[in-house]
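The residues making up each chain are set out below.
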Amino acid sequence: MPDPYEPGLDTFEFTQQEQAVIEQAMATAKPWDWKPKGELGEAFKAIKNRIREFHLVRHNHRCCYCRRDLKGGGHFMIDREHVLPKSIEAFKLFAFTKWNLGASCKRCNMEYKGSKIDFVVTTDDADVLQDGANYRFIHPNFDRYKDHISRVASEDDDIVVVRFTKKEGSEKGAFTYDYFNLAGLEREILDEAQGAPIVEEPSEAGYKVRLLADNLGQ
């Protein structure tokens, strides 16, 4: 299937030195969580950072599940995501597999997804695991997000607008919306003071994003 994002997965290759380090990691009980010391530890950290940066670029520095902006968020906001959880023994071999990796916000990964696999249709067929149709939510590497959900967001001082629209007929869009509670991220406020909204006219930027949302049927 065509890669929905750039740079393509096939453009990312581990060097021979990186592959040697990964092979050592794969020989441990928890490959991704291996903690070597010294120069080996620095090399291993660099590999994981390179993976994270690659996937952030593919998704324009946004969470692969909710599209939250992660630019400059660092490890406080960003998780190196394993679609098939690295904590499950059957998926250990995919710890450094490109199609199983991504970058997400900690909210989506830790609060909603975690180590669950209820979004996978078939879990015991390696070939099927590389097919986007085998995943109920929008897969970060097999599915184009905007084919299933559109997101409109704007901030202008005290005006905040965030809206998600599930594309008509997209089961993946509906599942993703519910699975990651995207409704909980939607906002349309002018200002709040001690819990009470203050009504005032939106700025030109706020008006434009609302007009765009209306045009998109949101």
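Structure's up top.
All of these numbers come straight from a predicted model, not from anything done at the bench.

Draft legend 1. View of the environment of Arg52. Positionally, Arg52 belongs in helix H2 (residues 38–58). Accessibility expressed as a relative area gives 15% for Arg52, which makes it buried. Linking Arg52 and Asp79, residues 27 residues apart in sequence, is a C-alpha distance of 8.2 Å. Residue contacts for Arg52: discarding those within four places in its chain leaves Gly74, His75, Ile78, Arg80 and Ala103. Of note is the side chain of Arg52, whose polar atom sits 3.3 Å from the side chain of Glu53.

Draft legend 2. Main features of the pattern of salt bridges. Scanning the model with the defined rule gives nine salt bridges in all. The shortest N-O distance in the salt bridge between Arg50 and Glu18 comes to 2.7 Å. Here the residue Arg50 occupies a position in helix H2, and Glu18 occupies one in helix H1 (residues 16–26), the gap between them amounting to 32 residues. Note that Arg52 and Glu53 form a salt bridge whose closest N and O atoms lie 3.3 Å from each other.

Parameters and conventions
Residues numbered from 1 in each chain as written. Predicted model: local features only at pLDDT ≥ 70, side-chain atom pairs only at ≥ 80, totals over all residues. Heavy atoms only, no water. Helix = DSSP H or I, 4+ residues; strand = E, 2+ residues; numbered from the N terminus. Buried < 20%, exposed > 50% of the residue type's maximum accessible area, 1.4 Å probe, protein only. Contact = heavy atoms within 4.5 Å. Polar contact = N/O pair within 3.5 Å; in protein donor to acceptor, adjacent residues only side chain to side chain. Salt bridge = Lys/Arg side-chain N within 4 Å of Asp/Glu carboxyl O.

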